[in-house]
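# Secondary and tertiary structure notes
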Amino acid sequence: MRAIFLLAAAVILGLTGGYAWSKWSNPASSQAALPSVADDGSRETAEEVQETVHFDNCAAVRAAGKAPLFPGHPGYSKDLDPDGDGVACPP
């Protein structure tokens, strides 16, 4: 009986941990949900911040120390990710 209880507890713990890991490890979903606070105290969404940050090319991204960029990160654009793999300006 004790072995069944331990097995059930391990399964529940594994499922819970896997679900939590999937929520915390996805940068695109966590970035989109977090608001930022500007210097003047106004709140902006991550999408608004992403739209205001622009890099002309990957050299500018690397010079700013922001490479690589992923979808949802400020400054990411499909123009910087020509192969469409979700990684713009890989190191």
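This text goes with the structure placed above it.
Notes on the structure follow.

Rules used in this analysis
Residues numbered from 1 in each chain as written. Predicted model: local features only at pLDDT ≥ 70, side-chain atom pairs only at ≥ 80, totals over all residues. Heavy atoms only, no water. Helix = DSSP H or I, 4+ residues; strand = E, 2+ residues; numbered from the N terminus. Buried < 20%, exposed > 50% of the residue type's maximum accessible area, 1.4 Å probe, protein only. Contact = heavy atoms within 4.5 Å. Areas by Shrake-Rupley, 256 points an atom, 1.4 Å probe, with all protein chains shown as cover. Disulfide = S-S within 2.5 Å. Patch = residues over 30% accessible without salt bridge, like charges linked within 9 Å, V, L, I, M, F, W, Y side chains within 5 Å. Salt bridge = Lys/Arg side-chain N within 4 Å of Asp/Glu carboxyl O. Lys, Arg positive; Asp, Glu negative; His and termini not counted. Polar contact = N/O pair within 3.5 Å; in protein donor to acceptor, adjacent residues only side chain to side chain. Core = buried A, V, L, I, M, F, W, Y, C linked by side-chain atoms within 4.5 Å.

### Points about the overall build of the protein chain
Secondary structure assignment for the protein chain yields four helices and two strands. Counting from the amino terminus, helix and strand elements in the protein chain follow one another as α-α-β-β-α-α. Counting over 91 residues, the protein chain shows a buried share of 16%. For the protein chain, restricting intrachain contacts to residue pairs at least 6 apart in sequence, the fraction spanning at least 24 positions comes to 22%. When the accessible surface of the protein chain is split by element, carbon and sulfur atoms take 63% of a total near 6800 Å².

### Quick notes on the state of the cysteines
A full pass over the atoms with the stated rule returns one disulfide. The disulfide that involves Cys 58 links it to Cys 89, with 2.1 Å between the sulfurs. In this structure the cystine formed by Cys 58 and Cys 89 twists about its S-S bond by roughly -80°; its chirality is therefore left-handed. Taken as a pair, Cys 58 in helix α4 (residues 58-63) and Cys 89 in the segment after α4 lie far apart in primary sequence, 31 residues in all. By relative accessible area, Cys 89 is classed as buried at 0%.

### Here we look at a nonpolar patch on the surface
A cluster of nonpolar side chains, contributed by Leu 7, Val 11 and Leu 15, occupies part of the molecular surface with about 320 Å² of accessible area. Its place among the elements puts Leu 7 in helix α1 (residues 2-24). Under the relative-accessibility criterion, Leu 7 is labelled exposed at 57%.

### Considerations on the side chain of Asp 81
The topology assignment puts Asp 81 in the segment after α4. With no salt bridge to any partner, buried Asp 81 finds its closest opposite charge in Lys 78, at an N-O distance of 8.4 Å. At 2.8 Å, the side chain of Asp 81 and the side chain of Tyr 76 are in polar contact. Not counting residues within four places of it along the chain, the set of residues in contact with Asp 81 comprises Tyr 76, Gly 86, Val 87 and Ala 88.

### Side note on the nonpolar core
One finds Phe 55, Val 61, Leu 69, Tyr 76, Leu 80, Ala 88 and Cys 89 forming the largest nonpolar core, which totals seven residues. Apart from the residues within four sequence positions on either side, Phe 55 is in contact with Ala 60, Val 61, Ala 64, Lys 66, Leu 69, Pro 74, Gly 75 and Leu 80.

### Comments concerning unusual backbone geometry
The residue after Ala 67, namely Pro 68, is reached through a cis peptide bond having omega -5°. Mapped onto the secondary structure, Pro 68 falls in the segment after α4. The phi dihedral of Cys 89 falls on the positive side, at around 55°, and the residue is not glycine.

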